[in-house]
Amino acid sequence: QVQLVESGGGLVQAGGSLRLSCAASGRTFSRYGVGWFRQAPGKERAFVAATTHADSTYYAEAVKGRFTISRDNAQNTVYLRMNSLKPEDTAVYFCAVQVGGRYYYAAHYDYWGQGTQVTVSS
């Protein structure tokens, strides 16, 4: 069992930055993949970024070059640094952990946090 808690969301103007954190408890996730997904009202949950146990990283085209995912295995924490934010980035952001599977496929993740709201204004 893994428990995940996201934090760091808030209201920011377009062009600003935020850093989201995902803290895990119950079991270390150093050997597992970790991903970030986001969901806006009335829309499907979408892949944002992921990192594997081997430290490979992957990004959705919409955020590539602006967002950076990183992990601190000693602290059981994963981060998502978001720069140059746009109004279309507004969503609830979720952290998730998978034992194994396709990094971009939400159904392959086993544990999910409660989400943190990110709102970007013009």
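Quick look at the structure, then. (Residues numbered from 1 in each chain as written. Predicted model: local features only at pLDDT ≥ 70, side-chain atom pairs only at ≥ 80, totals over all residues. Heavy atoms only, no water.)

Details of the overall build of the chain
Convention followed: For helices the rule is a DSSP run of H or I covering at least 4 residues; for strands it is a run of E covering at least 2, with both sets numbered from the N terminus onward. Buried means the residue's accessible area, taken with a 1.4 Å probe over protein chains only, is under 20% of the maximum for its type, while exposed means over 50%, and partly exposed covers the values in between. In what follows, a contact means two residues having at least one pair of non-hydrogen atoms within 4.5 Å. Areas reported as accessible are Shrake-Rupley estimates using a 1.4 Å probe. Residue values count occlusion only from the protein chains shown. Counted charges follow a simple rule, with Lys and Arg positive, Asp and Glu negative, and His plus the chain ends left uncounted. Think of each charge as sitting on NZ of Lys, CZ of Arg, CG of Asp or CD of Glu.
For the chain, the helix and strand inventory stands at zero helices and 11 strands. Oriented by its inertia axes, the alpha-carbon framework of the chain measures out at about 40 × 25 × 25 Å. A burial count over the chain gives 43% of its 122 residues as buried. Long-range contacts, defined as pairs at least 24 residues apart, comprise 56% of the intrachain contacts of the chain with a sequence gap of at least 6. Of the roughly 6,500 Å² of accessible surface on the chain, 45% is carried by carbon and sulfur atoms. For the chain, the separation between the mean place of its 12 positive charges and that of its 8 negative charges on side chains is 2 Å.

Comments concerning the side chain of Asn 76
Among the structural elements, Asn 76 can be located in the loop between β7 (67-72) and β8 (77-82). Overall, Asn 76 belongs to the buried group, its relative accessible area being 15%.

Quick word on the pattern of salt bridges
Note the threshold: The rule for a salt bridge is simple: a side-chain nitrogen of Lys or Arg has to be within 4 Å of a carboxyl oxygen of Asp or Glu.
If you walk through the whole model with that rule in mind, you get two salt bridges. The closest approach of N and O atoms between Asp 89 and Arg 66, which form a salt bridge, is 2.9 Å. Of the two residues, Asp 89 is situated in the loop between β8 and β9 (91-98) and Arg 66 in the loop between β6 (57-59) and β7; the sequence distance between them amounts to 23 residues. Taken individually, Asp 89 and Arg 66 each receive the classification buried, so the pair is uniform in this respect. Here the salt bridges share partners, and the residues they tie into one network are Arg 38, Arg 66 and Asp 89.

Looking at the packing of aromatic side chains
The condition that has to hold: When the centres of two rings from Phe, Tyr and Trp lie within 6.5 Å, Trp using its six-membered ring, the rings pair. Their planes under 30 degrees apart give stacked, over 60 give edge-to-face, and anything left gives tilted. Here, a charge over a ring is recorded when the distance from Lys NZ or Arg CZ to the ring centre is within 6 Å and its angle to the ring normal is within 35 degrees.
The full count for this structure, using the stated rule, is eight aromatic pairs. Relative to Tyr 109, the ring of Phe 37 has its centre 5.1 Å away and its plane inclined at 80 degrees; by these criteria the two rings are edge-to-face. Residue Phe 37 is located in strand β4 (residues 33-39), and its partner Tyr 109 is located in the loop between β9 and β10 (111-112); the two are separated by 72 residues in the primary sequence. Accessibility expressed as a relative area gives 1% for Phe 37, which makes it buried. Judged by its relative accessible area of 6%, Tyr 109 falls in the buried class. Ring geometry for Phe 37 versus Trp 112: centroids 5.3 Å apart, planes at 55 degrees, classification tilted. Of the two residues, Phe 37 sits in strand β4 while Trp 112 sits in strand β10, which places them 75 residues apart along the sequence. Aromatic rings pair up to connect Phe 37, Phe 47, Tyr 58, Phe 94, Tyr 103, Tyr 104, Tyr 109 and Trp 112 into one cluster. Sitting above the plane of the Trp 112 ring, Arg 45 keeps its charged end 4.0 Å from the centroid.

Points about the nonpolar core
Short version of the rule: Side-chain atoms within 4.5 Å are what join buried Ala, Val, Leu, Ile, Met, Phe, Trp, Tyr and Cys residues into a set we call a nonpolar core.
In terms of nonpolar packing, the biggest core is built from 34 residues, with Trp 36, Val 48, Phe 67, Leu 80, Met 82 and Tyr 93 touching the most fellow members. Breaking this core down by element, the ones donating at least two residues are β3 (18-25), β4, β5 (46-51), β7, β8, β9 and β11 (116-121). The dominant element in this core, judged by the number of residues it contributes, is β9, at five residues.

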